[in-house]
Amino acid sequence: MNNSYEDSVKTGITASLKVLQCYRWLLDLYVLDFFVENHWKMLPRSWQDSFYDIDLKTLGHILMGVPTNQMLPLSFLALLKTLNFLCLPRQGTYKSSNEVFFVSDNSKFRNLFLKHVKLKKRHEISLMASVVHNVALNSSCDSVIDFGSGLGHLVRMLSYNYGLHTVGIECQYKLTDDARKLDLELEYTAKKYLDEEKVTHLPRPIHCNETLSTADQLEKLTISSSISNHGLIGLHPCGDLGPLLMKYFVQYDSAKFICLVGCCYMKLSDTGYPMSQFVSRHDNRLSYPAREIACHANEAYFNKLCKGDYNHLKVHAFRAALENMLVDYDPKLKHSPIRSVKHTDNMAFESYCAIALERLSLPPAESLNAARYGNLAHIHWKRVVVLYTLRLALAPLVETLILLDRLYYMIEHGIHCEIHAVFDPNISPRNHIMIGKKL
């Protein structure tokens, strides 16, 4: 890894930390406390004035980079420019010599890999499989282990379509059993479209049950003798599982490459972030709300604002007004867990309250003067949405910091590592694949 690349990563981390420290007051808040803690007054005065009555469609255009006639504070414009410069690109940056291909041109055969798979997952496994295959070829590696393999859709494509030896590790026995059934179903149907001998020689995935908590467990896994030098892959492993795979990767020589797509940053423990010594030496705190919002779908959200599709967002104001009412009634009820209340465009606050209060076994809405709090929600709901949207604008920088921390952890262990946007962010918001290779 050349020094200029390492220095650029360090510079990106340092700058990202400074910006996030500057805006912790915005990242760390819970929107449900909007009225309880008077969040609007926390915004700089120039922001309050600019966003007080802003059309939400205009705000969506601003954050999507569409020119508008809206006058904006210089500090906000500077923030947008800074975010644009520091955040990892979210449009495709991975150039592969291998396009997504199938061993048969028959469309019915190709559809075998997409059967039982939702649209988002279809998009992910097709592109992920192509990237993994390409990296495996470049690493002279014909085996991969997939962690959190679920129903085995990814390993199935890597085995039957790309001819790699694969192992899927999954903690749920039911998913493993179903994955094996889907393998057999594919083999049976594939004989209609491929030469039977060819089907017979395709490597069948191995599915294992294991709950992982330490990197040492991976070394002790009993798997096929065909899996020696191998790559590690994880398509949205939850919480600390991703960092665990990285620790195994740097520790054991038999792992030749890793392809990892992050997810569920709010579930990271102190062992999952920070990972690098460099970030550990800085003020690196990322609160739960900051890590949670980094998992949201910005592109889809901003596009809806641009199209005027935002009335359903009133629910944020309803929840904030309900929180205000609960805290006034009994401060001990602050942040009481309430399952999501299904909201419709025509739902009144009183109706929303009735459902929530019943779940909490509290007096009916009328006795708690719900109408007064509902009036707050009615008057200020767009400002609640503005605050939520401003937090979302910072979310890609939080994810960038987490990913750069992981990248620099690899650099510290002498491993070549890159991060590329591969998936369409409108379909799959966590769309970056970290690729590490031992040269």
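Residues numbered from 1 in each chain as written. Predicted model: local features only at pLDDT ≥ 70, side-chain atom pairs only at ≥ 80, totals over all residues. Heavy atoms only, no water.

Visitor: Help me understand the packing of aromatic side chains, please; the structure alone is not making it clear to me.
Guide: Tallied over the full model, the rule gives 16 aromatic pairs. Taken together, a centroid distance of 5.1 Å and an interplanar angle of 85 degrees make the contact between Phe 34 and Phe 35 edge-to-face. With respect to burial, Phe 34 and Phe 35 carry one shared label: buried. On the numbers, 6.2 Å between centres and 90 degrees between planes, the contact of Trp 47 with Phe 51 is edge-to-face. Of this pair, Trp 47 and Phe 51 both sit in helix α3 (residues 45-51), four residues apart, roughly one helical turn. When its relative accessible area of 1% is taken as the criterion, Trp 47 is described as buried. Feature note: the residues Tyr 23, Trp 25, Trp 47, Phe 51 and Phe 76 constitute an aromatic cluster, connected by ring pairs. (Phe/Tyr/Trp six-rings, centres within 6.5 Å; stacked < 30°, edge-to-face > 60°. Buried < 20%, exposed > 50% of the residue type's maximum accessible area, 1.4 Å probe, protein only. Helix = DSSP H or I, 4+ residues; strand = E, 2+ residues; numbered from the N terminus.)

Visitor: Help me understand the pattern of salt bridges, please; the structure alone is not making it clear to me.
Guide: Between side chains of opposite charge, pairing is possible as soon as their charged atoms come close. Scanning the model with the defined rule gives 16 salt bridges in all. Ionic pairing is found between Glu 124 and Lys 120, a salt bridge with its closest N-O pair at 2.7 Å. Residue Glu 124 and its partner Lys 120 are located together in helix α7 (residues 119-138), separated by four residues, close to a single helical turn. For Glu 124, a relative accessible area of 1% puts it in the buried group. Taking the shortest distance from any N to any O, the salt bridge between Asp 177 and Arg 180 comes out at 3.4 Å. Residue Asp 177 and its partner Arg 180 are both found in helix α9 (residues 173-190); the two are separated by three residues, about one turn of the helix. You can call Asp 177 partly exposed: its relative accessible area is 38%. One network of salt bridges, with partners in common, ties together Arg 90, Glu 299, Glu 399 and Arg 430. (Salt bridge = Lys/Arg side-chain N within 4 Å of Asp/Glu carboxyl O.)

Visitor: Would you explain the packing of helix α1 (residues 3-22) against helix α18 (residues 370-412) in this entry?
Guide: For any two helices packed against each other, the geometry comes down to the angle between their axes and how far apart the axes lie. At a minimum axis separation of 10 Å, α1 and α18 run at an interaxial angle of 145 degrees. As for how α1 packs across α18, the hand of that crossing is left-handed. For the pair α1 and α18, the contacting residues are Tyr 5, Glu 6, Val 9, Lys 10, Gly 12, Ile 13, Ser 16, Leu 17, Val 19 and Leu 20 in the first and Leu 397, Val 398, Thr 400, Leu 401, Leu 404, Asp 405, Leu 407, Tyr 408 and Ile 411 in the second. When the residues that make up the contact of α1 with α18 are grouped by side-chain class, the tally is 13 nonpolar, three polar and three charged. (Axes fitted to C-alpha atoms, helices over the stretch in contact; angles between N-to-C directions. Left-handed = near helix turned anticlockwise from the far one by under 90°. Contact = heavy atoms within 4.5 Å. Nonpolar A, V, L, I, M, F, W, Y, C, P; charged D, E, K, R; others polar.)

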